[in-house]
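# A closer look at the structure
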Amino acid sequence: MEAHAHATPPADGPTLASLPVEPLLTAEFDVDPVAVYERLRGTYGPVAPVSLAGVPVWLVLGYTEVTEVLRNESLWRRDVRYWRARAEGRLPRDWPLLAGYEVRQTMFMDDEEHLASRRTHHSALTPFQDPRSPEGWEVRAAVARYADELVGMLAAESGSVGFADLGAQYTRPLLLMVTTKLFGCPVELGDELVMDLWRMLDGGADSGPATARSLAAFTRLAAHRRARPGDDLTSYLLLADPGLSDEQLGRELFMNAVYLNDITGNMVLNTLLEVLRGNTTVRRSLSAGQLGETVNRAALVNPPVANMCFRFAARDVRLGKVWVRAGDAVSPSAAAAHQELLALSSSHLVGSTVSTRAHLGWGAGPHQCPSAARELGGMIVSTAVGRFLDHFTRAELTLPPDQLPWRSGPVVRGLRLLPVRYELGPGAVARRTAPMRPQHRAPGSGGEADGRAGGLLAALRKFMFGGR
């Protein structure tokens, strides 16, 4: 990217609003987004004008341009109030993506407000990602235990050999159970809450009401934990910043739940897919015992956040071959940027280790996931994939990889289902579980999820077998 601090666009230069734009979210994009990215790159270069549900935005395709946008917070703002089309009232009132952007939380803050909120999150999350702390030990044990229970449930119902959807019967309920545990949620928040988060991210017609329902549920959870604090993330956020109102805390829980359920869940499924479809570099890292490397390689092929949340230009600036005007919205595409890395890696000009380290699965720059959140998310993904490998002695896809159905929304790209024919090892039927460390809990400390694991599994029945 060229900064051009004092440059101005040509007087007769085209603006985003004046350009013909093609819709991004089409049937072709659902089937083969890589082909769409490549066509756009061939036509426009590293930055292309596209339409999202009728609203023109710049889609940033080049790896260099994407990382520049992510890293330069002073020029590329996250606060939706910088969006000129919104300020001028040019967005359709029922535009499905607006509801999510209107939620005032850490992701959509800038400067000191953003830094202060990140410090709060880092302080609250650190105990859970530290394996030496009681909270860190317990959440790790819980993730493994929930994974074992779900595999054991599959074995009890379908036998040691059979068919399963690793999305509906493993990954999604696992992440819901982890959320219930980590947030100190009453179980009844349940599956409908997660479904609402997916509705919001998919940007469908019901995304506005879904967002409102989710925020209301998390605000109730904030009030519940304020009255009954415990050893959970909700209580620790309040401890780190006692000035948070229930509404503010509800918005932060909303953001964390999106990442934990949809983004981290997609990373689990995408990693399992690369293992099952026989990706040779993924298999190689598994053979070397490098599970973290396996996750990184899967994130390169299918990043869970395909097109990242908007940034808004603080001033006129040249990006790629185009002039982006002050207040324009740009969407950095991690998926398109990764295609450049993969092409470089396959050309042997760049080592695979360099490419792996450069993946954007957790973001980049000032707004990347806080280090404590990355460590926690990485632990959840590695544990979920590791327990799968421990229990499933054999698993193969029942559909060709190019026929698997995907959720290809404006932000995320995730599998709708991951159907396999499986064979379980003998330990799965016994439902091996990680031993719980004896500890003294305060009333309401967030242990309800563990005490009601059987009830939670029963409550997940519709969720597990209904899918999305």
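Scoring rules and cut-offs
Residues numbered from 1 in each chain as written. Predicted model: local features only at pLDDT ≥ 70, side-chain atom pairs only at ≥ 80, totals over all residues. Heavy atoms only, no water. Helix = DSSP H or I, 4+ residues; strand = E, 2+ residues; numbered from the N terminus. Areas by Shrake-Rupley, 256 points an atom, 1.4 Å probe, with all protein chains shown as cover. Axes fitted to C-alpha atoms, helices over the stretch in contact; angles between N-to-C directions. Parallel < 35°, antiparallel > 145°, perpendicular 65-115°, else oblique. Contact = heavy atoms within 4.5 Å. Pairing = 2+ DSSP bridges. Salt bridge = Lys/Arg side-chain N within 4 Å of Asp/Glu carboxyl O. Buried < 20%, exposed > 50% of the residue type's maximum accessible area, 1.4 Å probe, protein only. Phe/Tyr/Trp six-rings, centres within 6.5 Å; stacked < 30°, edge-to-face > 60°. Lys NZ or Arg CZ within 6 Å of the ring centre and 35° of its normal. Expected span 1.5 Å × (residues − 1). Arc of directions from axis to C-beta.

### A look at the overall build of the protein chain
Scanning the protein chain from terminus to terminus reveals 21 helices and 13 strands. Accessible surface for the protein chain amounts to roughly 18700 Å². Of this, 55% is attributable to carbon and sulfur atoms.

### A closer look at the packing of helix H10 (residues 207-227) against helix H11 (residues 233-240)
Orientation of H10 relative to H11, taken along the N-to-C sense of each, is 75°, at an axis distance of 9 Å. One finds that H10 runs roughly perpendicular with respect to H11. Across the interface between the two elements, Leu-221, Ala-222, Arg-225 and Arg-226 from H10 touch Thr-234, Ser-235 and Leu-238 from H11.

### Section: the pairing of strand E13 (residues 419-424)
Each regular strand shows side chains that alternate between the opposite faces of the sheet. By the bridge criterion, five bridges tie strand E5 (residues 161-165) to E13 in an arrangement that is antiparallel. Paired with Phe-163 across the bridge in E13 is Arg-421. Of the strand pairs in this sheet, strand E10 (residues 392-397) and E13 are connected by five bridges, and their pairing is antiparallel. The partner of Leu-397 across the bridge, within E13, is Val-420.

### Quick notes on the pattern of salt bridges
When their charged atoms lie close together, side chains carrying opposite charge are able to pair. The full count for this structure, using the stated rule, is 23 salt bridges. Across the salt bridge formed by Asp-110 and Arg-77, the nearest N and O atoms sit 3.7 Å from each other. With Asp-110 in the loop between helix H5 (98-101) and helix H6 (111-129) and Arg-77 in strand E4 (residues 76-77), this residue pair connects regions lying 33 residues apart in the sequence. According to the relative accessible area criterion, Asp-110 is buried, its value standing at 6%. Given the relative accessible area of 7%, Arg-77 is considered buried. Here Arg-226 and Asp-246 are joined by a salt bridge, their closest N and O atoms 2.7 Å apart. Remark: Asp-246 occurs in helix H12 (residues 246-276) and Arg-226 occurs in helix H10; sequence separation between them is 20 residues. Each of Asp-79, Arg-81, Arg-104 and Glu-113 takes part in salt bridges that share partners, so that together they form one network.

### Here's the deal with the packing of aromatic side chains
Tallied over the full model, the rule gives twelve aromatic pairs. Arranged with centres 4.6 Å apart and planes meeting at 25°, the rings of Phe-388 and Phe-392 form a pair that is stacked. Taken together, Trp-83, Trp-95, Tyr-101, Phe-108, Phe-310 and Phe-312 form an aromatic cluster joined through their ring pairs. Between the NZ or CZ atom of Arg-413 and the centre of the ring of Trp-406, over which it lies, the distance is 4.1 Å.

### Considerations on the sheet that holds strand E3 (residues 55-60)
One open sheet holds the six strands; their spatial order is E1-E2-E3-E9-E6-E4, and the pairing between them is mixed. Bordering the open sheet on either side are strand E1 (22-23) and E4, each of which pairs with just one other strand. Where E1 meets strand E2 (residues 47-52), two bridges bridge the pair, whose relative direction is parallel. Within E2, the position partnered with Pro-23 by the bridge is Ser-51. Across the face of the sheet, helix H2 (residues 33-44) comes into contact with E1, E2 and E3 while running at roughly 125° to E2. The sheet contacts of helix H3 (residues 63-71) involve E3, E4, strand E6 (311-313) and strand E9 (329-332), and relative to E9 the element is tilted by about 115°.

### Let's talk about the pairing of E9
Of the two faces of E9, the one carrying Ala-329 and Ser-331 and the one carrying Val-330 and Pro-332 are both buried. Two strands pair when backbone bridges link them, and E3 and E9 are joined in this way by three bridges, in the parallel orientation. Each bridged residue has a counterpart across the sheet, and for Leu-59 the counterpart in E9 is Ser-331. Direction of pairing for E6 relative to E9: antiparallel, over a ladder of two bridges. Among the inter-strand pairings, Arg-311 is bridged to a residue of E9, identified as Val-330.

### A short note on the environment of Ala-364
When you line up the elements, Ala-364 lands in the loop between helix H16 (352-357) and helix H17 (371-391). With 293 residues separating them along the chain, Ala-364 and Arg-71 place their C-alpha atoms 6.5 Å apart. For Ala-364, the residues in contact, after removing those within four places along its chain, are Leu-70 and Arg-71.

### Topic: the side chain of Arg-413
Among the secondary structure elements, Arg-413 is positioned in strand E12 (residues 413-415). Contact partners of Arg-413, with chain neighbours within four places excluded, come to Phe-29, Asp-30, Pro-33, Asn-266, Asn-270, Asn-302, Pro-303, Pro-304, Ala-306, Trp-406, Arg-407 and Ser-408.

### As for unusual backbone geometry
For Ala-53, which is not a glycine, the phi torsion comes out positive at approximately 50°. Summarising the element assignment, Ala-53 is placed in the loop between E2 and E3. The phi dihedral of Asp-111 is positive, around 55°, even though this residue is not glycine. Secondary-structure assignment places Asp-111 in helix H6.

### Notes on H2
For H2, spanning twelve residues, the distance from its first C-alpha to its last is 16 Å, which sits close to the expected 16 Å at 1.5 Å a residue. Within H2, burial applies to Pro-33, Val-36, Tyr-37, Leu-40 and Arg-41. The arc that holds the buried residues of H2, viewed along the axis, is 135°, so those residues lie on one side. Turned more than 90 degrees from where H2 packs its buried face, Gly-42 and Thr-43 sit exposed.

### Considerations on the environment of Thr-180
Its place among the elements puts Thr-180 in helix H8 (residues 167-183). Expressed as a C-alpha distance, the spacing of Thr-180 and Asp-232, which sit 52 residues apart in the sequence, is 9.7 Å.

### Here we look at H17
Taking 1.5 Å of rise per residue, the 21 residues of H17 would be expected to cover 30 Å, and the 30 Å separating its terminal C-alpha atoms lies within 8% of that figure. Ala-372, Leu-376, Gly-377, Met-379, Ile-380, Val-381, Thr-383, Ala-384, Val-385, Gly-386, Phe-388 and His-391 are the residues of H17 that are buried.

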